[in-house]
Amino acid sequence: MQQKIMPSLWFDKETEEAMNFYVSLFSKIETEPGSSKIVSIKRYPDEVPADFMKGMEGKVLTAQFELDGYRFMALDGGPVFKFTPAISFFVQCRSEEEVDTVWSGLSEGGTVLMPLDAYPFSPKYGWIQDKFGVSWQVILAEGPIEQRIFPSLLFVGDKAGAAEEAINFYAGLFDDAAVGGIARYGAGQELEKEGTIAYAELRLEGQPFAAMDSARQHDFTFNEAISLYVECDTQAKVDALWEALSAVPESEQCGWLKDKYGVSWQIVPKRLGELLDDPDPEKSGRVMDVMLKMKKIDIAELEAAYQQPA
């Protein structure tokens, strides 16, 4: 099944180092040989087309990599945004040995958020922020594994308690979408609000996600360091998702938007990638120049720039 939603990771200038690290680690537990790999890398040109790109020459403009078949996007964007645990990634492991392998690798230079231990919800689980700042929840699976890695959204601060509303909202927008099992905080659960979501399952475009609330004091929230990249087949799909999701006009830029919960998305037509991949640098350069001036991506304008006579 084609993965239509990809997490996009915004690094400072460490994208290539991070991808190599993750691929090396997850290749030790991958289900099929070769299912952890770097798929593609596009670099900033030696002469960047915009002032905000200066200093990034030769760094990673966009890249894609897979960990046990689950695809991520990544980019070098400079020190503008820092990763937070508001979006983390569950890693389901088939054995305690796999848990230990992943945990040991991610612990190198990382910060433990919840120690690796037995908990009421799992015989072996830990939450860690790796040396690049990306957060992972490593857990021993107690049943069949449909997809080893999937994102988890943590609603905190003024959005604590909004997880249920959010997952129902998202499920109403995407295809092959549904809210699954929900576990709630009970009475007397320290610092958490009774009835809010301790853990919920969500499916969007056939892919698993998780969501959680936390009313505890946290010094982070969602930001653009991790966004959800949605590849759309048509302009109509771009328009519908943009209209439904975008809630912060000042965050709209080059296909990026921020929704009413603070989650960042990239709503991008598949055609954009095809045009930017054209081997003719003049054509792809014109497309890039036009795209950089856009908020919502318009396929017709991209095509016009591409077809423009030399």
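A few points on the structure. (Residues numbered from 1 in each chain as written. Predicted model: local features only at pLDDT ≥ 70, side-chain atom pairs only at ≥ 80, totals over all residues. Heavy atoms only, no water.)

### Focus on the side chain of Asp 76
- The topology assignment puts Asp 76 in strand β4 (residues 70-76).
- Within the buried core, Asp 76 has no salt-bridge partner, and the shortest N-O distance to an opposite charge, that of Lys 59, equals 4.7 Å.
- A distance of 3.2 Å separates the side chain of Asp 76 from the backbone nitrogen of Glu 14, its partner in a polar contact.
- A distance of 2.8 Å separates a polar atom in the side chain of Asp 76 from a polar atom in the side chain of Thr 15.
- In this structure Asp 76 touches Phe 11, Asp 12, Lys 13, Glu 14, Thr 15, Tyr 44, Met 56, Lys 59 and Val 60, once residues within four positions along its chain are discounted. (Helix = DSSP H or I, 4+ residues; strand = E, 2+ residues; numbered from the N terminus. Buried < 20%, exposed > 50% of the residue type's maximum accessible area, 1.4 Å probe, protein only. Lys, Arg positive; Asp, Glu negative; His and termini not counted. Salt bridge = Lys/Arg side-chain N within 4 Å of Asp/Glu carboxyl O. Polar contact = N/O pair within 3.5 Å; in protein donor to acceptor, adjacent residues only side chain to side chain. Contact = heavy atoms within 4.5 Å.)

### Thoughts on the sheet that holds strand β7 (residues 122-129)
- Here eight strands make up an open sheet; going across it, the order is β6-β7-β8-β5-β9-β12-β11-β10 and the pairing mixed. Every other strand in the sheet has two partners, leaving β6 (111-119) and β10 (178-184) as the edge strands with one partner each. When the angles between neighbouring strand axes are averaged without regard to direction, this sheet yields 20 degrees.
- Sheet topology note: the β7/strand β8 (residues 135-140) ladder contains five bridges and is antiparallel. If you follow Gln 129 over to β8, its bridge partner there is Ser 135.
- Along the sheet, helix α3 (residues 163-171) makes contact with β9 (149-155), β10, β11 (197-204) and β12 (207-213), crossing β11 at roughly 5 degrees. (Pairing = 2+ DSSP bridges. Axes fitted to C-alpha atoms, helices over the stretch in contact; angles between N-to-C directions.)

### Things to note about the pairing of β11
- Bridge count for β10 against β11 is five bridges, and the pairing is antiparallel. By the bridge assignment, Ala 183 is partnered in β11 with Tyr 199.
- The sheet contact formed by β11 and β12 spans five bridges and is antiparallel. Bridged to Ala 200 within β12 is Ala 211.
- Hairpin connection of β11 to β12: two residues between the antiparallel strands, including Glu 205 at a positive phi of 50 degrees.

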